Structure formats: structure tokens, C-alpha cells
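Descriptive structure summary
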Amino acid sequence: MRPRGPRPDALQSVTVLEILAALDPQHREAGVPFKDLEAAARSRLNYRALTDALNALVNDGAATRVSEKPARIRITSIGRARLNEYRS
């Protein structure tokens, strides 16, 4: 088995946060389905970069998994603060 690559860079994490923030109003407390997140990110990130960035965001507390099956993800207040910091 090949070792995992380096941690996702900040740009990948910000991209995932932007997508989550954009899709969050549609899904609210239910969380954004992973399939919707994947479809929205397809033109900017490959699957591996998306999952690596998403896992890093969950580990940092910037995003949270609402449910495992089906996978649903929400942006947290920490993630919104990080995104606002990036935008300013």
C-alpha cells in the first residue's frame, strides 16, 4: 500500500469550506450530502483532494459530520470564521 500524501493545502480546505457554505442554506440542519459536495467540487478538486481536505476540516473542527450513512456534512462556526478570515 502506498503512503498517504502530504496534508491538504490551505487552498483545498478553503475551497471545500466555500462549497459547504454555499450549499448549507439548501440543506440546513440535515447537512450537505457528500454526493452534492462531490458534484460541486468536481471541477475544482479531484476526489482524493476533496476527501483529504474534508477529513482535515473535520479533524480541526471546521466541519462536522451530521450522519455517517448517508454521509452528510455541515460547516461549523469555526469553519465560517476561517472562511471569513480568508476572504478579508
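In case you missed it, the structure is sitting above this.
For the structure given in this document, a descriptive report is provided here.

What counts and what doesn't
- Residues numbered from 1 in each chain as written.
- Predicted model: local features only at pLDDT ≥ 70, side-chain atom pairs only at ≥ 80, totals over all residues.
- Heavy atoms only, no water.
- Pairing = 2+ DSSP bridges.
- Helix = DSSP H or I, 4+ residues; strand = E, 2+ residues; numbered from the N terminus.
- Core = buried A, V, L, I, M, F, W, Y, C linked by side-chain atoms within 4.5 Å.
- Buried < 20%, exposed > 50% of the residue type's maximum accessible area, 1.4 Å probe, protein only.
- Contact = heavy atoms within 4.5 Å.

**Some words on the pairing of strand 2 (residues 63-67)**
Across 4 bridges, the pairing between strand 2 and strand 3 (residues 72-75) is antiparallel. The residue of strand 3 that forms the bridge with Thr64 is Arg74. Hairpin connection of strand 2 to strand 3: 4 residues between the antiparallel strands.

**Considerations on the nonpolar core**
The biggest cluster of nonpolar side chains holds 23 residues, and the ones touching the most others in it are Val16, Leu20, Leu37, Leu54 and Ile73. Ranked by the residues each element gives to this core, the list is headed by helix 1 (residues 10-27), at 7 residues. Dropping the residues within four chain positions of it, Ile73 is found in contact with Leu20, Gly31, Val32, Phe34, Leu37, Leu54, Ala63, Thr64, Arg65 and Val66.

Distances and angles like these do not, on their own, reveal function.
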